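# Coordinates in review
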Amino acid sequence: MIDQYERSAEFVDIMLAAHWSALGPALVEALHGGAGPIVDVGAGGGHGTRAIAQAVPGAEVVAVEPSPALRSVLLARVNESPELRDRVTVLPGGLLQAELPPRLGAVVAMNVIGHFTPAERHLVWDLLARRLLPAGRAVVNLQPPAEPVRVPQARFSDLRIGRRRYEGWGRAEPAGPGQITWHMTYRTFQDGHLTEETAVEYAWWVLGEDRLRAELGEHGLRLDPTGPAELGMYVITRAPEQRSLIVAADTRVCVGAGQCVLAAPDVFDQDAETGLVVVLDEAPPAPLAGAVRRAAHRCPSGAVTVRDELR
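Before going further, it helps to spend a moment on the overall build of the chain. Each helix and strand counted, the chain has eight helices and 15 strands in total. Within the chain, the fraction of its 311 residues that count as buried is 48%. Sequence separation of 24 or more characterises 64% of the internal contacts of the chain that already satisfy a separation of 6 or more. Summed over its atoms, the accessible surface of the chain is roughly 15,200 Å², and 52% of this surface lies on carbon and sulfur atoms.

Here you go:
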């Protein structure tokens, strides 16, 4: 995997700090009353990870960050805090490749959704539909532009550390349907003189509220704005009045044929010693409904039963 932040990591974390002074409190409010475990997607240097830990005291946090350069900052930030060190697990790689807990209380994806292609986004929404607890939520933000248009160059950061001053500049150009390329320039000054200039670029898939809402609807999820409008933050939850499957299995009549496991391996397993059915998820999410019903239909002994409930 290419590390898009290899050359800019030393600037990204410090320049995002001011943005998180507004984003952090809004994220804490959006997660208030939630439960763990919580996944921090593209955790970067850990600004959001700290806000998550503050929002849901005691919850386990899984911080996923594919960039080795940013992950080194994240690990250092977690390690220096005894409270974070006991609760936060840092994972390399991307969200879709990470080994996550089977059920999630929340997923946080701040400043990151544009790194996912449209096809990958649908895999993320599927993950939410399958793994979020019934009262779980995801928190995302959408960054402009919502369409693949040109964004004129502008300075987005100007800060001083010691005798050095750091500037961050950015502009974007259309790069095809639904995509732009960001061109970022980081300048370092000492005693008023330019000493270093680093230019990087990366691809970004644009996404607006209407399209996001439509994509989520395909997966039985709903979208609601949260926090100040200028932050572009949203909470994703399960759509109301959805039917939920309740699965049960009677081991007294099970003959160990294993047809349920073949049909729905995310929901059924077999006991290692007896070979009898084991239900892994008694209330599987909607995307697994077809597989679960096939499992019940194929069970030769009628041990598997499925019923619908409104949630």
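We now examine the packing of helix 5 (residues 118–131) against helix 6 (residues 209–217). Here helix 5 crosses helix 6 at 50 degrees, and the two axes come no closer than 10 Å. Here helix 6 runs oblique to helix 5, going by the angle between their axes. In the crossing of helix 5 with helix 6, the sense of the turn from one axis to the other is right-handed. Along its contact with helix 5, which presents Pro118, Arg121, His122 and Trp125, the element helix 6 presents Arg211, Leu212, Glu215 and Leu216. A breakdown of the residues in the contact of helix 5 with helix 6 according to their chemical character gives four nonpolar, one polar and three charged.

In the structure shown here, the tally under the stated rule is three cavities of 30 Å³ or more. The computed volume of the largest cavity comes to approximately 90 Å³. Lining the largest cavity are 15 residues, with Cys254, Ala257, Gly258, Cys260 and Cys299 sitting closest to its centre. Along the lines of polarity and charge, the residues of the lining of the largest cavity split into nine nonpolar, six polar and no charged. By volume, the second largest cavity amounts to about 60 Å³.

Before going further, it helps to spend a moment on the pairing of strand 8 (residues 179–190). On a regular strand, one side chain projects to one face of the sheet and the next to the other, so that they alternate. Counting buried residues in strand 8 gives 10 out of 12 residues, a clear majority hidden from the surface. Relative to strand 8, strand 7 (residues 164–174) is paired through 11 bridges, and the arrangement is antiparallel. Counted as the bridge partner of Tyr166 is Thr188 from strand 8. Hairpin connection between strand 7 and strand 8: a loop of four residues separates the two successive antiparallel strands, and Gly176 in this loop has a positive phi of roughly 115 degrees. Relative to strand 9 (residues 193–205), strand 8 is paired through 12 bridges, and the arrangement is antiparallel. Counterpart to Thr185 in the pairing with strand 9 is Ala199. Between the antiparallel neighbours strand 8 and strand 9 lie two residues, among them Asp191 with a positive phi of about 55 degrees.

Attention now moves to the state of the cysteines. Tallied over the full model, the rule gives zero disulfides. Looking at the unpaired Cys260, the closest cysteine sulfur is the one in Cys299, lying at 6.4 Å. Distance from the sulfur of Cys299, which forms no disulfide, to the nearest cysteine sulfur (Cys254) is 6.3 Å.

If you trace the backbone, Val78 turns up in helix 3 (residues 68–79). A relative accessible area of 6% places Val78 in the buried class. Distance from Val78 to Asp40, taken between C-alpha atoms, is 13 Å for residues 38 residues apart in sequence. Here Val78 is in contact with Leu84, Arg85, Val88 and Val90, once residues within four sequence places are set aside.

Relative to each other, helix 1 (residues 9–31) and helix 2 (residues 47–55) sit at 25 degrees, their axes nearing to 8 Å. Classified by the angle their axes make, helix 1 and helix 2 are roughly parallel. Once helix 1 is placed against helix 2, the crossing between them reads as right-handed. For the pair helix 1 and helix 2, contact is made by Asp13, Leu16, Ala17, Trp20, Gly24, Leu27, Val28 and Leu31 and by His47, Gly48, Ala51, Ile52, Gln54 and Ala55, respectively. In terms of residue class, the contact of helix 1 with helix 2 is made up of nine nonpolar, four polar and one charged.

Further remarks concern the layout of surface pockets. Here the second largest pocket defines a volume of roughly 250 Å³. If you go around the second largest pocket, the residues you meet are Leu100, Pro102, Arg103, Arg130, Arg131, Asp266, Leu280, Asp281, Pro285 and Leu288. Residues belonging to the lining of the second largest pocket are distributed by class as follows: five nonpolar, no polar and five charged.

We now examine the sheet that holds strand 3 (residues 88–91). The seven strands are arranged 3-2-1-4-5-11-10 in an open sheet whose pairing can be described as mixed. Strands with a single pairing partner mark the edges of an open sheet, and in this sheet they are strand 3 and strand 10 (221–226). For this sheet, the mean angle separating the axes of adjacent strands, direction not counted, is 20 degrees. For strand 1 (residues 38–41) and strand 4 (residues 104–109), the ladder comprises three bridges, and the chain directions are parallel. Pairing of Ile38 across the sheet is with Ala106, part of strand 4. The strands that helix 1 touches are strand 4, strand 5 (132–141), strand 10 and strand 11 (233–238); relative to strand 5, the one it contacts most, it runs at about 165 degrees. Along the sheet, helix 5 contacts strand 4, strand 5, strand 10 and strand 11; its crossing angle with strand 5, the most-contacted strand, is approximately 150 degrees.

Thresholds applied
Residues numbered from 1 in each chain as written. Predicted model: local features only at pLDDT ≥ 70, side-chain atom pairs only at ≥ 80, totals over all residues. Heavy atoms only, no water. Helix = DSSP H or I, 4+ residues; strand = E, 2+ residues; numbered from the N terminus. Buried < 20%, exposed > 50% of the residue type's maximum accessible area, 1.4 Å probe, protein only. Contact = heavy atoms within 4.5 Å. Areas by Shrake-Rupley, 256 points an atom, 1.4 Å probe, with all protein chains shown as cover. Axes fitted to C-alpha atoms, helices over the stretch in contact; angles between N-to-C directions. Parallel < 35°, antiparallel > 145°, perpendicular 65-115°, else oblique. Left-handed = near helix turned anticlockwise from the far one by under 90°. Nonpolar A, V, L, I, M, F, W, Y, C, P; charged D, E, K, R; others polar. 1 Å grid on protein atoms, 1.4 Å probe; cavity = no way out; pocket = protein on both sides within 12 Å on 5 of 7 lines; lining within 4 Å. Points joined across faces, edges and corners; volume = space filled by probe spheres on them. Pairing = 2+ DSSP bridges. Disulfide = S-S within 2.5 Å.

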